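# Reading the structure
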Amino acid sequence: MKIKRIVAFIIDMFLVMIISSTIYMLPIFKSSMNEYMSFIEDNSILSVYTEGGSSDITVEEANHITYEMSKIINPLYIIMCAITFLYFGILGFIWNGQTLGKKLFKIRVVSANEKPLNPALYIIREVIVTNLIFQLISIIITMTLKETAWISVNTYLSNVSLFVYFILLGFMI
């Protein structure tokens, strides 16, 4: 049962990523996509990752590139948050505690007392389980903070988010 829950969650997250990426490729996001692609092509950091080579890039330059990329790709993150909320929260509730991944394994979210699911509690549960709060905070700090503050806050937020994610994974198991 534990493996079923984890695999169902992975399937669901994969579907969310596919749907989000497909939406991001629509013509209304073309300028953002083009800006992202040209930014990738113009910066040497990509060669460090793709060619496995070393680079003369400093930590400050890498931080700057990461900050700029985050600002450029923010529309995709916003789409992913919206799709995650709609898929896990709304669709999961409408389908009586199931998502496509859960349907495949014939599992569902049920209330502790076997009563019908409370919509507000179900949606809050899914927001917590999908770590949506940290994603939304990340979007907000990327849009509002200057680079030096963003680097500090984003590093801290990423660490806390990862910690919470592993705790949630433990609860799933």
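Quick caveat, the model's predicted, so the values are computed rather than measured. (Residues numbered from 1 in each chain as written. Predicted model: local features only at pLDDT ≥ 70, side-chain atom pairs only at ≥ 80, totals over all residues. Heavy atoms only, no water.)

### A few points about the packing of aromatic side chains
In total, this model carries six aromatic pairs according to the counting rule given. Pairing Phe93 with Tyr122 gives two aromatic rings, centres 6.0 Å apart and planes at 50°, and the pair type is tilted. Of this pair, Phe93 sits in helix α4 (residues 59-94) while Tyr122 sits in helix α6 (residues 119-129), and the two are 29 residues apart along the sequence. Grouped by ring-pair contacts, the aromatic residues Phe9, Tyr87 and Phe88 constitute a single cluster. (Phe/Tyr/Trp six-rings, centres within 6.5 Å; stacked < 30°, edge-to-face > 60°. Helix = DSSP H or I, 4+ residues; strand = E, 2+ residues; numbered from the N terminus.)

### Quick word on the confidence of the model for the protein
A residue-level look at the protein finds 90% of positions with pLDDT of 70 or above and a mean pLDDT of 85. Averaged pLDDT values over the elements of the protein bottom out at 56 in helix α3 (residues 45-50) and peak at 94 in helix α5 (residues 100-104). (pLDDT = per-residue confidence, 0-100.)

### Notes on the pattern of salt bridges
Inspection of every chain in the model, using the stated rule, returns one salt bridge. Residue Arg125 is joined to Glu126 by a salt bridge in which the shortest nitrogen-to-oxygen separation is 2.4 Å. Among the residues examined, Glu126 registers a relative accessible area of 2% and is labelled buried. (Salt bridge = Lys/Arg side-chain N within 4 Å of Asp/Glu carboxyl O. Buried < 20%, exposed > 50% of the residue type's maximum accessible area, 1.4 Å probe, protein only.)

### Overview of the nonpolar core
Core analysis: the largest hydrophobic core is formed by 11 residues, namely Phe9, Val16, Tyr24, Phe29, Ile73, Leu76, Ile79, Ile83, Tyr87, Phe88 and Val129. At the level of elements, α1 (2-24) and α4 are the ones that each hand at least two residues to this core. Element by element, the count of residues in this core is highest for α4, at six residues. Of all hydrophobic cores here, the second largest spans five residues; its members include Tyr67, Phe134, Trp150 and Leu157. (Core = buried A, V, L, I, M, F, W, Y, C linked by side-chain atoms within 4.5 Å.)

### Section: α1
Spanning 23 residues, α1 covers 33 Å between terminal C-alpha atoms, matching the ideal 33 Å at 1.5 Å per step. Among the residues making up α1, those that are buried are Ala8, Phe9, Asp12, Val16, Ser20 and Tyr24. (Expected span 1.5 Å × (residues − 1).)

### Considerations on unusual backbone geometry
For Lys106, which is not glycine, the phi torsion reads 55° and is therefore positive. The topology assignment puts Lys106 in the loop between α5 and α6. With a relative accessible area of 75%, Lys106 lands in the exposed category.

### Concerning the environment of Met37
Inspection of the secondary structure assignment puts Met37 in helix α2 (residues 30-42). With 12 residues separating them along the chain, Met37 and Met25 place their C-alpha atoms 12 Å apart.

### Some points on the packing of α4 against helix α7 (residues 132-144)
Close contact between α4 and α7 brings their axes to 10 Å; oriented N to C, the two are set at 150°. In terms of orientation, α4 and α7 fall into the roughly antiparallel class. Note that α4 runs across α7; the crossing there is left-handed. Seen from α4, the contacting residues are Ser70, Lys71, Asn74, Tyr77, Ile78, Cys81, Thr84 and Phe85; seen from α7, they are Leu132, Gln135, Leu136, Ile139, Thr142 and Met143. Tallied by class, residues from the contact of α4 with α7 come to eight nonpolar, five polar and one charged. (Axes fitted to C-alpha atoms, helices over the stretch in contact; angles between N-to-C directions. Parallel < 35°, antiparallel > 145°, perpendicular 65-115°, else oblique. Left-handed = near helix turned anticlockwise from the far one by under 90°. Contact = heavy atoms within 4.5 Å. Nonpolar A, V, L, I, M, F, W, Y, C, P; charged D, E, K, R; others polar.)

### Here we look at the side chain of Asn154
Summarising the element assignment, Asn154 is placed in helix α8 (residues 147-172). The class of Asn154 is buried, set by a relative accessible area of 17%. Discounting residues that sit within four places of it in the chain, Asn154 has contacts with Ser138 and Ile141.

### Quick notes on the packing of α4 against α6
Across the interface, α4 lies against α6 with an axial gap of 9 Å and an inter-helix angle of 150°. Overall, the two elements α4 and α6 adopt an arrangement that is roughly antiparallel. Handedness of the crossing formed by α4 with α6: right-handed. For the pair formed by α4 and α6, the contact residues are Phe85, Phe88, Gly89, Ile90, Gly92 and Phe93 on the first element and Pro119, Tyr122, Ile123, Glu126 and Val127 on the second.

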